[in-house]
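Remarks on the overall topology
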Amino acid sequence: MIVVLCLVAALGIGAAAAGLVRARRNKGTARLQQKFGSEYDAAVTGPGRKKGEADLHGREARVKSFELRPLVAAEAERFSGLWTATQARFVDDPGGAITDADRLLSEVMEVRGYPVSDFEQRASDLSVDHPEFVANYRAAHGEAVKHSRGETSTEGLRRATVNYRWLFQDLVAVGEKAPVA
């Protein structure tokens, strides 16, 4: 009888421990889903939840190691002027404007403290603190790449400019606190 009671107690403790592990995992998943939004779905599609979540945790750790900073007012003003010129250029040279927009975003990111060597890494890094803009950033960059191969339309370039603008405005916001991952 004592053996049976010990066995039942052990099973109960094991079930409770498994429940706690599951609850902790679900809480972590919910946090990632809330923080990354649609980027969470993109990260877990294909490799699966476990690998996708590990990737997102890795992104957070990587970005946490950066010395990110907001722009000061003079920097924001300078970049805003360059953006205005880029948008104005679109009328006469949509492809050149998109190339400028892509380059300008990279420059803003670099000044803020992001490494900018590889596009996919830039997008992954941005997803940590700007997840709501990453899908649009990828789409805009895709149009810029298509343009370099002569495979896009003026309408595609227009959409890319709009997509770049949303991220640009978020990155240039004056007085923005440096993100805490």
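Throughout what follows, the structure given in this document is the object of discussion. All chains use their own residue numbering, which begins from 1 and follows the written sequence. Only residues with pLDDT of at least 70 are given local features in this predicted model, and only at 80 or more are side-chain atom pairs given and counted; all residues enter the totals for whole chains, interfaces and linings. Derived side-chain values reflect all non-hydrogen atoms in the structure, with water molecules and hydrogen atoms excluded from consideration.

1. Remarks on the overall build of the protein
Convention followed: A run of DSSP states H or I qualifies as a helix once it reaches four residues; a run of E qualifies as a strand once it reaches two. Both are numbered from the N-terminal end. Each residue gets one of three labels from its accessible area relative to the maximum for its type: buried under 20%, exposed over 50%, partly exposed in between, using a 1.4 Å probe on protein chains only. Two residues form a contact once any of their heavy atoms are found within 4.5 Å. Where accessible areas are quoted, they stem from the Shrake-Rupley method and a 1.4 Å probe; at the residue level, only the protein chains shown are allowed to cover.
A tally of regular secondary structure across the protein gives eight helices and zero strands. The order of α-helices and β-strands along the protein, N terminus first, is α-α-α-α-α-α-α-α. The buried share among the 181 residues of the protein stands at 36%. A separation of at least 24 residues holds for 65% of the contacts in the protein among residues at least 6 apart in sequence. Of the accessible surface of the protein, which amounts to about 10,300 Å², a share of 59% is contributed by carbon and sulfur atoms.

2. A closer look at the side chain of Arg122
Under the convention used in this document: Only four residue types enter the charge count, namely Lys and Arg as positive and Asp and Glu as negative; His and the chain termini do not. For salt bridges, the criterion is a side-chain nitrogen of Lys or Arg within 4 Å of an Asp or Glu carboxyl oxygen. The term polar contact refers here to a pair of N or O atoms within 3.5 Å; inside protein, the definition further demands a hydrogen-donor-capable atom paired with an acceptor-capable atom, and it admits residues adjacent in sequence only when both atoms are side-chain atoms.
Its place among the elements puts Arg122 in helix 6 (residues 119-129). The side chain of Arg122 sits in the buried core without any salt bridge; Asp102 is the nearest counter-charge, 4.6 Å away. Among the polar contacts made by the side chain of Arg122, one reaches the main-chain carbonyl oxygen of Val116 at a distance of 2.9 Å. Of note is the side chain of Arg122, whose polar atom sits 3.0 Å from the side chain of Tyr137. In this structure, Arg122 is in contact with Ser106, Met109, Pro115, Val116, Tyr137 and His141, ignoring residues within four places of it in sequence.

3. Considerations on the pattern of salt bridges
One pass over the full model with this rule turns up 17 salt bridges. Two residues, Arg138 and Glu39, come together in a salt bridge whose shortest N-O distance is 2.9 Å. In this pair, Arg138 sits in helix 7 (residues 131-148) while Glu39 sits in helix 2 (residues 38-44), placing the two residues 99 residues apart along the sequence. By relative accessible area, which is 23% here, Arg138 ends up partly exposed. Judged by its relative accessible area of 4%, Glu39 is buried. Residues Asp100 and Arg89 are paired through a salt bridge, measuring 2.4 Å at the closest nitrogen-oxygen approach. Remark: Arg89 occurs in helix 4 (residues 73-89) and Asp100 occurs in helix 5 (residues 94-112); sequence separation between them is eleven residues. Residue classification places Asp100 among the buried residues on the basis of a relative accessible area of 16%. Given a relative accessible area of 33%, Arg89 falls into the partly exposed group. Residues joined in a network through salt bridges with shared partners are Glu39, Asp55, Arg59, Glu120 and Arg138.

4. Examining the environment of Thr45
Structurally, Thr45 can be placed in the loop between helix 2 and helix 3 (49-64). On the accessibility criterion, Thr45 (58% relative accessible area) is exposed. Here the side chain of Thr45 touches Asp41 through a polar contact of 2.6 Å, landing on its backbone oxygen.

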